[in-house]
Amino acid sequence: MYAALTFTIFIAHQSAISRYFHRLTDKTFSGIYHANAFDLAMMIPYFIVLMVLAMYGLHRYWLVYDYFQYSKNVPLPPPPVTNWPRVTVQLPIFNERYVIERLAEAVSRFDYPRELLDVQVLDDSTDETQEVARACVERHAAQGMPITYIHRTNREGYKAGALENGLQTANGEFVAIFDADFIPEPDFLRRTIPYFLNADGGENIGMVQTRWTYLNSDYSLLTNVETILLDGHFVVEHGARSRRGTFFNFNGTAGVWRRKVIDDAGGWQHDTLTEDTDLSYRAQLKGWKFLYLPQIECASELPVDMNGFKSQQARWAKGLMQTAKKILPKVFAADVPWHVKAEAFFHLTANISYPLMVLLSTMLLPVMIVRFQQGWLQMLLIDLPLFLASTCSISSFYLVAQKELRPKTWWRTFLYMPFVMATGIGISVRNTQAVIEAILGKKSEFARTPKFKIEGKKGTFAKKSYANKAGWMPYAEVLLGLYFSLTVVYAIANENYPTVPFLLLFVWGYLYTGFMSLGQTYFAHLRFGVNAPEMRPAASGAPGF
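Residues numbered from 1 in each chain as written. Predicted model: local features only at pLDDT ≥ 70, side-chain atom pairs only at ≥ 80, totals over all residues. Heavy atoms only, no water.

Enquirer: Quick one: what's the story with the overall build of the protein chain, residue by residue and with numbers?
Expert: The number of helices and strands found in the protein chain is 17 helices and eight strands. Sequence-distant contacts in the protein chain: of pairs separated by 6 or more residues, those separated by 24 or more amount to 85%. Surface accessibility of the protein chain: about 23,600 Å² in total, with carbon and sulfur atoms responsible for 63%. (Helix = DSSP H or I, 4+ residues; strand = E, 2+ residues; numbered from the N terminus. Contact = heavy atoms within 4.5 Å. Areas by Shrake-Rupley, 256 points an atom, 1.4 Å probe, with all protein chains shown as cover.)

Enquirer: Which residues make up the pairing of strand β3 (residues 147-151), and what are the values?
Expert: Judged from the five bridges that link them, strand β2 (residues 117-123) and β3 form a sheet pairing that is parallel. In the sheet register, Val119 faces β3, and the bridge partner there is Ile147. (Pairing = 2+ DSSP bridges.)

Enquirer: A description of the sheet that holds strand β4 (residues 174-177) should follow, citing residues and the corresponding values.
Expert: Taking strand neighbours across the sheet as the criterion, the eight strands line up as β3-β2-β1-β4-β7-β6-β8-β5 in an open arrangement whose pairing is mixed. The open sheet terminates on both sides in strands that have one partner only, identified here as β3 and β5 (182-183). Pairing of strand β1 (residues 87-93) with β4, which is carried by four bridges, proceeds in the parallel orientation. For Thr88, the partnering residue across the bridge sits in β4 and is Val175.

Enquirer: So what about helix α6 (residues 188-197)? Which residues, and what values?
Expert: Buried residues dominate α6, accounting for seven of its 10 residues. Taken as a whole, α6 has its buried residues at Phe188, Leu189, Thr192, Ile193, Pro194, Tyr195 and Phe196. Lining the buried residues of α6 we find β1, β2, β4, β6 (205-214), β7 (255-258) and β8 (289-300). (Buried < 20%, exposed > 50% of the residue type's maximum accessible area, 1.4 Å probe, protein only.)

Enquirer: Which residues make up the packing of aromatic side chains, and what values do they have?
Expert: One pass over the structure, following the stated rule, counts 26 aromatic pairs. Centroid distance Phe502 to Phe506: 5.1 Å. Interplanar angle 75 degrees. Geometry classified as edge-to-face. Placement of both Phe502 and Phe506 in helix α17 (residues 500-527) is noted, with a separation of four residues, approximately one turn of the helix. The burial state of Phe502 is the same as that of Phe506; both residues are buried. (Phe/Tyr/Trp six-rings, centres within 6.5 Å; stacked < 30°, edge-to-face > 60°.)

Enquirer: Requested: an account of the environment of Thr169, with residues and values cited.
Expert: Relative to the assigned elements, Thr169 resides in the loop between α5 (158-167) and β4. In this structure, the C-alpha to C-alpha distance between Thr169 and Asp118, residues 51 residues apart in sequence, is 10.0 Å. Among all residues touching Thr169, those that are not within four sequence positions of it are Asp118, Gln120 and Ile150. Engagement of the side chain of Thr169 in a polar contact is seen with the side chain of Gln120, the distance being 3.3 Å. (Polar contact = N/O pair within 3.5 Å; in protein donor to acceptor, adjacent residues only side chain to side chain.)

Enquirer: Describe unusual backbone geometry, with residues and values.
Expert: Of note, Tyr158 is a non-glycine position whose phi angle comes to about 55 degrees, a positive value. With respect to the helices, strands and loops of the structure, Tyr158 is situated in helix α5. Residue classification places Tyr158 among the partly exposed residues on the basis of a relative accessible area of 27%. A positive phi is found at Ala254, a non-glycine position, where the angle reads about 60 degrees. Its location among the elements puts Ala254 in the loop between α7 (221-244) and β7.

Written out as structure tokens, the structure is:
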């Protein structure tokens, strides 16, 4: 019986393969099928969207090329410093009672001359963070640390307004900025400031950005994905742009500015949600040079809840599109090389891929039906190159970053790549809303992503305040996931097997982000009774997926 059953399964399997091969090579409908108006109405937008996505995908390949082509264009170690300048350290916070003490403690360990240091805690908090931060400042001041507490009763300009307000009383020639969830090393200033003082061109340097590392990378699948996403930005994007000599951005934290540059570029402005990128481009258009120092690391805490991560990504997407509308006309009119203008365009408009991704999502099933009788050769010659350009570039981009950072264990990233791609698809709905709001000029409130002092694999955010509710967005994501589940069923029923792995990315991406958002909100709000206000996008300047 076992032999008979095995033989039956084998015959059925062979029959399925034969039918599929016959489908690929069958020429019954060759020369009969002619596209009608409905077919063209589906296929023309489909290929336009796919080609635009492919263009941005090819740009990722170009960044990888620049990264290696200009690998020798890295800053040389600066000479020793004899006369250290005065430095102002700004710590902008808003309702960060879990992490402000950790940040202040890290800054108190700076091995920089105390008489040349000026630390400002810029607190816009509206909760008990005020008492926590004020007590923390008083304790460190009593121990001899030159630290002051500045609290605003209004949040005009949000983070940009707090930074600008702090500059009114700042005495430093240079300004270092750290968000509440960062932990700079004691030698941070001694390693970054010398680049500004280098006799060989140091006077032209306006900003120095260091590379982020992460305290809780292994906390969950989500934080592992976030690590890969941000490493791609900090290794390949920043690396390629800085080596090639094109414009790149300050990431809002873990960097040092020359005070004169901030004033020369027009100061901090809050008409975009990425004030850091906005100021970066205005400064570089003034002729100031930026340095990226990946060898200097600054530890930070990643968002551990899906809603926080989605809000963070939405803020970056909206802010960069706002900055594109504001800055790109100035870049195109500036007397800078064409490759600088081209890179600025791709950098600031990259998030347009999210609305296109959602549009592509909704078109896949009808296009699959329309193209049912089209030849496999056409799909091989047209669809495959576009697919490789628009999607596989993502894998190469992030794999290169991991290989540069972790040469011995980078191959493990292959296991995470389906999750990275699926997560990028999953957050596309929220980011699409953000991009459309930016294009239409709709303003939104600036707020940070709450952090919960979670380090390593320990700790939880469920019992802590600042948890957020999901809103209606996760339901749309779940519906899209179910829609793609039906698309997978249709593809299998019609023996369109090559599309199934690609479609499963959409299923997993939308269902994962949707159910995680709903589930985390449920546990945080119902089981623990935590107040869960609506979260707005978070602060920083690094693009995401």
